[in-house]
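One-letter residues, chain by chain:
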Amino acid sequence: MAIRTIRTVGDRVLTKTCRPVEEVNGKINQLIDDMFETMYDANGVGLAAPQVGILKRIVVIDVDGNPYLLINPEILETSGEQTGSEGCLSLPGKSGIVTRPNYVKVRAFDREMKPFELEGTELLARCICHECDHLDGHMYMEKVEGELMDSTYDDEE
């Protein structure tokens, strides 16, 4: 495994739409392992492949000690609303207030390309939405209510 460079705002890769993963091969498995290691090293709770320069629809998340891998995620259902502070490893040192669904159901594939569904509330729901946005070239600053602020915490998505 290796820690990859996290791309930051201004890098064009963060504005592009990612391609679906057709098969999980050695290269994709290495990417997934590297993404988890990179996310943990940066004290993040989520990371999308474009944040490490790869235009593939892959997301890794760990908000509660349970790591999740989402390949080709598709949000099926959302409900409720939560408003809170959000940050991003691709915009270090900043945060902003964002409203997201409080409940999310997503369909994705695992390393064996077997489909599964994941339901999340609160931080997990926020993180799923945040990371899926990255796969379509969007960042949370587009949704910030008010101004971006200097972060006062280390737990950024």
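What you see is a predicted model; the values in this text were computed from it and never measured.

Caption draft 1: Quick look at the overall build of the chain. Counting its secondary structure elements, the chain contains 2 helices and 8 strands. Reading the chain from its N terminus to its C terminus gives the helix and strand order α-β-β-β-β-β-β-β-α-β. At 14 Å, the chain has a C-alpha radius of gyration in line with the 15 Å of a compact globule built from 157 residues. The principal-axis extent of the C-alpha atoms belonging to the chain is close to 45 × 35 × 30 Å. In the chain, buried positions account for 48% of the 157 residues. When contacts within the chain are restricted to residue pairs at least 6 apart in sequence, those whose partners lie at least 24 apart make up 69%. Accessible area of the chain: about 7600 Å², with a carbon and sulfur share of 46%.

Caption draft 2: Seen up close, the packing of aromatic side chains. Summed over all chains, the structure comprises 1 aromatic pair. With a centroid separation of 6.2 Å and an interplanar angle of 25 degrees, the aromatic rings of Phe36 and Tyr40 are classed as stacked. Taken together, the positions of Phe36 and Tyr40, both in helix 1 (residues 26-41) and 4 residues apart, correspond to about one turn of that helix. The partly exposed category is assigned to Tyr40, whose relative accessible area is 39%.

Caption draft 3: Representation of helix 1 within the structure. For helix 1, which comprises 16 residues, the first-to-last C-alpha distance of 22 Å matches the rise-based estimate of 22 Å (1.5 Å per residue) to within 8%. Looking at helix 1, one finds that the buried residues are Ile28, Leu31, Ile32, Asp34, Met35, Phe36, Thr38 and Met39. Along its buried surface, helix 1 packs onto strand 1 (46-48), strand 2 (58-61) and strand 3 (68-79). Capping the start of helix 1, Asn25 holds a side-chain oxygen 3.1 Å from the backbone nitrogen of Lys27, two or three residues further along.

Caption draft 4: Representation of the sheet that holds strand 8 (residues 149-150) within the structure. Spatial strand order, 4-5-8: 3 strands in an open sheet with antiparallel pairing. Each of the sheet's edge strands pairs with one partner strand only, and the pair in question is strand 4 (82-87) and strand 8. Alignment of strand 4 against strand 5 (residues 94-100), held across 6 bridges, turns out to be antiparallel. Bridging from a neighbouring strand, Gly87 pairs with Ser95 of strand 5. Each of strand 4 and strand 5 touches helix 2 (residues 122-135); the most contacted strand, strand 4, lies at about 60 degrees to it.

Caption draft 5: Spatial organisation of the environment of Asn66. Of note, Asn66 is situated in the loop between strand 2 and strand 3. For Asn66, a relative accessible area of 41% translates into the label partly exposed. Along the backbone, Asn66 and Pro92 are 26 residues apart, and their C-alpha atoms lie at a distance of 24 Å.

Caption draft 6: Looking closely at the sheet that holds strand 2. Strand order in this open sheet of 5 strands is 1-2-3-6-7, and the pairing throughout is antiparallel. At either end of the open sheet lies a strand with only one pairing partner, and these are strand 1 and strand 7 (115-121). Going from strand to strand, the sheet's axes swing by 40 degrees on average, the running direction of each strand aside. Of the pairings in the sheet, the one linking strand 6 (residues 103-109) to strand 7 comprises 7 bridges and is antiparallel in character. Paired with Ala108 across the two strands is Phe116, which belongs to strand 7. Helix 2 rests against strand 1, strand 2, strand 3, strand 6 and strand 7 of the sheet, and its axis sits at about 125 degrees to strand 7.

Parameters and conventions
Every chain is numbered independently, its residues counted from 1 as its sequence is written. The model is predicted, so local features are restricted to residues of pLDDT at least 70 and side-chain atom pairs to those at 80 or more, both for listing and for counting; the totals for chains, interfaces and linings are taken over all residues. Note that water and hydrogens are dropped before the side-chain values are worked out from all heavy atoms of the structure. For the purposes of this entry, the term helix denotes a DSSP run of H or I that reaches at least four residues, the term strand denotes a run of E that reaches at least two, and both are numbered from the N terminus. For the radius of gyration, the atoms used are the C-alpha atoms, and the globule rule reads 2.2 Å times the number of residues raised to 0.38. Only protein chains enter the area calculation, which uses a 1.4 Å probe; residues under 20% of their type maximum are buried, those over 50% are exposed, and those in between are partly exposed. Here a residue-residue contact requires only that any non-hydrogen atoms of the pair lie within 4.5 Å. Note that accessible areas follow from Shrake-Rupley with a 1.4 Å probe, and for residues the cover is restricted to the protein chains shown. The criterion for an aromatic pair is that two Phe, Tyr or Trp rings (for Trp, the six-membered ring) have centres within 6.5 Å, with stacked assigned to planes under 30 degrees apart, edge-to-face to planes over 60 apart and tilted to the rest. Every helix has an expected span of 1.5 Å times one less than the residues it contains. Polar contact is defined as a pair of N or O atoms within 3.5 Å, subject to the rule that within protein one atom must be able to donate a hydrogen and the other to accept it, and that residues adjacent in sequence are counted only when both atoms are side-chain atoms. Being paired, for any two strands, means DSSP has found at least two bridges between them. What counts as an axis is a line fitted to C-alpha atoms, over the stretch in contact for a helix, and the angles between N-to-C directions run from 0 to 180 degrees.

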